[in-house]
Amino acid sequence: MATRALFQRYGRLQATTPKGPRPAARIPCTRPLVTVNSADAQTHFGYRQVDMQEKPQLVQDVFDSVARSYDVMNDAMSLGMHRLWKDHFVNRLAPWDGMRLVDVAGGTGDIAFRVLRAAPQAEALVVDVNQNMLQVGERRAHAAALSSGEPSSARARPRLRFMHGDAESLPLDAEQFDAYTISFGMRNVARPERALAEAVRVLRRGGRFLMMELSAMPEDRFPLLRQAYDTYSFRVIPQLGQWIANDRAAYEYLVQSIRRFPPPAQVGATMRDAGLQALTTEELCFGVVCIYSGWKV
Ligand SMILES: C[S@@+](CC[C@H](N)C(=O)[O-])C[C@H]1O[C@@H](n2cnc3c(N)ncnc32)[C@H](O)[C@@H]1O
């Protein structure tokens, strides 16, 4: 498949080999993920400065608006690449039968579906703050007969569940998951530090934290490619958003929020401060996507 070849050829990919994952780059730690001015508690929503309390509702509005076309739009704007990134992300996780996973900001369930395909006896809980995104996910799960929509006699405990909840205060007991994933979710969270603290709280000792996020291409590398990526992001993606989701502004927010997401070193600092250890990062597609890994020791 042409896209797969492109991904493998050009991605800064440290692939999982049959002999086990090669070590990814160590994260040097510097500054925190989000700098909050505690005096007036402001943060950003795309390029706008907003009050901290305002951001969750603004994000909610974005995903309320795009939920029904979210999956189609992902395929259109990434030219199908998001599927390969997610496949690779789940490969890195290396799920096993019996594993208990919580996929936070799990939206329409893409990560959970892949995990259960790789390890059919794993248990996946998708948590998201947006009911419309969860509903799309549940419909997909029912169609694939994976979720709690199956007759109760079929399975005492469903392997896939969807739950409404905020990454910053998860409605979950401590130390009950083997793995916590968050894919393309963290940059939407108003206080990522709180989400990371919650990730550490719900993971058991020895549990894995794995995050995938889009970010701006590094400025000092690939200047021409960066220019092309920026043109595509700011001109083409909002237009696709208008045509497919009937919401240009939602996709303007998306591309702006990617630019506001800090570089890997800063993300690493915040992960370390939250108590995660053995931190590594892996860039895909010239740094357009980054996978962050850490462990609760
Ligand atoms: C870009 S989507 C990612 C969905 C899915 N993880 C994927 O990779 O396709 C971002 C998701 O984050 C959710 N989200 C935003 N803020 C959140 C929060 N504070 N807690 C939980 N979910 C949140 C949104 O509702 C949305 O479903």
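Residues numbered from 1 in each chain as written. Predicted model: local features only at pLDDT ≥ 70, side-chain atom pairs only at ≥ 80, totals over all residues. Heavy atoms only, no water.

Scanning the protein chain from terminus to terminus reveals ten helices and twelve strands. The 297 residues of the protein chain split such that 52% are buried. Contacts in the protein chain between residues at least 24 apart in sequence constitute 72% of all its contacts with a sequence separation of at least 6. (Helix = DSSP H or I, 4+ residues; strand = E, 2+ residues; numbered from the N terminus. Buried < 20%, exposed > 50% of the residue type's maximum accessible area, 1.4 Å probe, protein only. Contact = heavy atoms within 4.5 Å.)

Looking now at helix 5 (residues 110-118). With respect to burial, helix 5 is a largely interior element, seven of its nine residues being buried. For helix 5, every residue scored as buried is listed here: Asp 110, Ile 111, Ala 112, Phe 113, Arg 114, Val 115 and Leu 116.

Here we come to the environment of Pro 263. Along the chain, Pro 263 turns up in the loop between helix 9 (248-260) and helix 10 (264-274). In sequence terms Pro 263 and Ala 216 are 47 residues apart; their C-alpha atoms lie 7.9 Å from each other.

Near the ligand there are 18 residues, and of these Tyr 70, Ala 105, Asp 128, Ala 167 and Ser 183 occur at the shortest range. With respect to the ligand, the side chain of Asp 128 contributes an N or O atom lying 2.6 Å from an oxygen atom. Backbone polar atom of Val 129 to a nitrogen atom of the ligand: 3.3 Å apart, as the coordinates give it. Coverage of the ligand by the protein chains reaches 97% of its 600 Å² of free accessible surface. Of the residues in the shell around the ligand, the class split is nine nonpolar, six polar and three charged. (Near = heavy atom within 4 Å. Polar contact = N/O pair within 3.5 Å; in protein donor to acceptor, adjacent residues only side chain to side chain. Areas by Shrake-Rupley, 256 points an atom, 1.4 Å probe, with all protein chains shown as cover. Nonpolar A, V, L, I, M, F, W, Y, C, P; charged D, E, K, R; others polar.)

It is worth spelling out the pairing of strand 9 (residues 177-183) at this point. Among the seven residues in strand 9, seven count as buried, and that is most of the element. Bridge analysis of strand 6 (residues 100-104) against strand 9 gives four bridges, and the strand direction is parallel. Directly across from Val 104, in strand 9, lies its bridge partner Ile 182. Pairing analysis gives six bridges linking strand 9 to strand 10 (residues 203-214), with the strands arranged parallel. Considered in strand 10, the bridge of Ala 179 is made with Arg 208. Handedness of the crossover joining strand 9 and strand 10 through helix 7 (residues 192-202): right-handed. (Pairing = 2+ DSSP bridges. Right-handed = clockwise from strand over helix to strand, strands pointing away.)

Let us now look at the UniProt feature "binding site: S-adenosyl-L-methionine" (unreviewed entry) in the protein chain. The feature "binding site: S-adenosyl-L-methionine" (unreviewed entry), as given by UniProt, occupies Thr 108, Asp 128, Asp 166, Ala 167 and Ser 183 in the numbering adopted here. As for its placement among the helices and strands, Thr 108 is situated in the loop between strand 6 and helix 5. The exposure class assigned to Thr 108 is buried, which follows from its relative accessible area of 2%. With near-sequence residues (within four places) excluded, Thr 108 lies in contact with Tyr 70, Asp 71, Phe 113, Met 133, Val 136, Gly 137 and Arg 140. Here the side chain of Thr 108 touches Asp 71 through a polar contact of 2.8 Å, side chain to side chain. Within the secondary structure, Asp 166 sits in the loop between strand 8 (160-164) and strand 9. (UniProt positions renumbered as here; feature names shortened; annotations may be inferred.)

Our focus in this paragraph is the confidence of the model for the protein chain. Looking at the protein chain, the pLDDT average stands at 86 and 82% of residues meet or exceed 70. Overall, residues 1-23 carries pLDDT values under 50, and its contacts beyond four positions in sequence, including any with other chains, amount to 46 contacts. This stretch, residues 148-156, has a pLDDT under 50; its non-local contacts, to residues over four places away or in other chains, come to six contacts. (pLDDT = per-residue confidence, 0-100.)

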